[in-house]
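# Remarks on the overall topology
Letter by letter, the chains look like this.
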Amino acid sequence: MASRKTLRLLCGFAGGSAVLVLAAAAAAGEQHRERSGLWSRLTVLQAAQPTWTPGSPTPAPTGHAWDFNWDKRDPSTLTNGKKKENTAEDPSSEQDNGKPKATRNILLIRHSQYNLSGNGDKERILTPLGREQAELTGQRLAVLGLKYDVMVHSTMARATETANIISKYLPGVELVSCDLLREGAPIEPVPPVTHWKPDAVYHEDGARIEAAFRRYIHRADPKQKEDSYEVIVCHANVIRYFVCRALQFPPEGWLRMGLNNGSITWLTIRPSGRVALRTLGDSGFMPPDKLTRT
């Protein structure tokens with residue numbers, strides 16, 4: 001009798017242990033599944049991230065270092081090394097006097113919408129909407145409250161008309177025309193496009209637009225004492241090329257950007273040669289129904 005009770009107790013203990021074992025196994029299985037799911041999610045996240053290594057915690061920089069003499073006006077490269085007759089004079093004074101001290105602000109304006117069906121440049125004048133856009137751009141430049149020094153424009157009809165309308169809002173600002181700023185194909189774009197120009201066009205237009213860049217995009221002359229604000233009214237291809245060259249980006253990437261008609265692109269050139277892009281194709285001052293990109 002006592003032996004049967006003892007056996008039942010042992011069996012009870014054994015049964016309870018079995019239940020505990022089964023419960024523990026089930027919990028372990030659930031934890032394994034959760035852990036597996038977690039690792040799967042982590043694997044997906046890791047796959048979406050760049051591969052880091054302890055020796056390279058950040059992505060390696062691409063391209064070359066910034067060229068401070070990009071405009072060939074770095075004062076440190078302009079000294080001729082000749083011995084001064086007056087040895088008592090501070091040898092660094094001439095170089096200090098030759099250092100630019102002012103900042104140049106270049107506001108590049110894309111012409112307004114124009115008549116695409118015109119036969120030749122003279123007939124490709126602004127549309128009624130284009131004239132409205134030029135008015136809005138002129139108003140925007142006026143409310144910025146800047147002291148503009150000059151407005152240079154391309155000699156093409158659509159740029160000339162745009163500049164003339166803008167000039168109404170900038171009284172007293174000198175208006176100058178320049179053939180170098182005419183529209184063209186600055187360099188064969190990358191990635192390539194099948195509908196673009198033959199090599200001869202890039203060869204001719206590219207040299208002219210590069211000459212325009214060198215004339216207008218550079219640090220201030222050492223004689224300039226105050227910061228300047230200059231407006232250039234020209235064309236989308238010219239502006240996009242200028243931006244790439246000024247920021248030392250690959251110039252063949254110019255076609256990857258888009259500019260609305262009448263938009264404002266603002267480059268700042270410091271005395272040190274540093275260049276900043278303050279705005280690219282700003283047209284937020286226009287109502288949505290006035291925006292075009294022809």
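A brief report on the enclosed structure follows.

Analysis parameters
- Residue positions are given per chain, counted from 1 along the sequence in the order it is written.
- Totals for whole chains, interfaces and linings use every residue, but because this is a predicted model, local features are given only for residues with pLDDT of at least 70 and side-chain atom pairs only at 80 or more, for both listing and counting.
- To obtain the side-chain values, all non-hydrogen atoms of the structure were used and water was disregarded.
- Starting at the N terminus, helices and strands are each numbered in turn, a helix being any DSSP run of H or I of at least four residues and a strand any DSSP run of E of at least two.
- Each residue is placed in one exposure class: buried if its accessible area under a 1.4 Å probe, protein chains only, is under 20% of its type's maximum, exposed if it is over 50%, and partly exposed if it falls in between.
- Throughout, a contact is declared for two residues whenever any of their heavy atoms are within 4.5 Å.
- Surface accessibility in these figures is a Shrake-Rupley result with a 1.4 Å probe; residues are shielded only by whichever protein chains are displayed.
- Polar contacts, as counted here, are pairs of nitrogen or oxygen atoms within 3.5 Å of one another; within protein the pair requires one atom able to donate a hydrogen and one able to accept it, and residues that are adjacent in sequence qualify only if both atoms are side-chain atoms.
- Helix axes are fitted only over the stretch in contact, all axes being lines through C-alpha atoms; the angle between N-to-C directions runs from 0 to 180 degrees.
- Throughout this description, any angle smaller than 35 degrees is read as roughly parallel, any larger than 145 degrees as roughly antiparallel, any in the 65 to 115 degree range as roughly perpendicular, and the remainder as oblique.
- By convention, the crossing between two helices is left-handed when the near helix turns anticlockwise from the far helix through less than a right angle, and right-handed when the turn is clockwise.
- Two strands qualify as a pair provided that DSSP identifies no fewer than 2 bridges between them.

Next up on the list: the overall build of the protein. Counting secondary structure elements, the protein contains 6 helices and 6 strands. Helices and strands in the protein line up, N terminus first, as α-α-β-α-β-α-β-α-β-α-β-β. Burial statistics for the protein: of 294 residues in total, 36% are counted as buried. Look at the contacts in the protein between residues 6 or more apart in sequence, and 73% of them connect residues 24 or more apart. Total accessible area on the protein stands at roughly 17800 Å², and carbon and sulfur atoms take up 57% of it.

Topologically, His 111 is positioned in the loop between strand E1 (104-110) and helix H3 (128-143). For His 111, a relative accessible area of 2% gives the class buried. Engagement of the side chain of His 111 in a polar contact is seen with the side chain of Arg 158, the distance being 3.3 Å. Filtering out sequence-adjacent residues up to four positions away, His 111 remains in contact with Arg 158, Ala 159, Thr 162, Cys 234, His 235, Asn 261, Gly 262 and Thr 294.

Before going further, it helps to spend a moment on the packing of H3 against helix H4 (residues 157-167). Packed helix pairs are specified by the crossing angle of their axes together with the interaxial distance, meaning the distance between the axes. In the contact formed by H3 and H4, the axes pass within 8 Å of each other and the chain directions differ by 45°. As the angle between them shows, H3 and H4 are arranged oblique. Crossing of H3 against H4: the hand is right-handed. Residue-level contacts link Arg 131, Ala 134, Glu 135, Thr 137, Gly 138 and Leu 141 of H3 to Glu 161, Thr 162, Ile 165 and Ile 166 of H4.

Time to look at the sheet that holds strand E3 (residues 174-178). Reading across from one edge, E3-E2-E4-E1-E5-E6 is the order of the 6 strands in this open sheet, with mixed pairing throughout. Strands with a single pairing partner mark the edges of an open sheet, and in this sheet they are E3 and strand E6 (275-282). Sheet twist, expressed as the average angle between the axes of neighbouring strands with direction ignored, equals 20°. With 6 bridges connecting them, E1 and strand E5 (residues 264-269) associate as antiparallel partners. Residue pairing across strands places Ile 106 opposite Leu 267, the latter belonging to E5. Its contacts with the sheet put helix H6 (residues 236-246) on E1, strand E4 (228-234), E5 and E6, and the angle it makes with E1 is roughly 150°.

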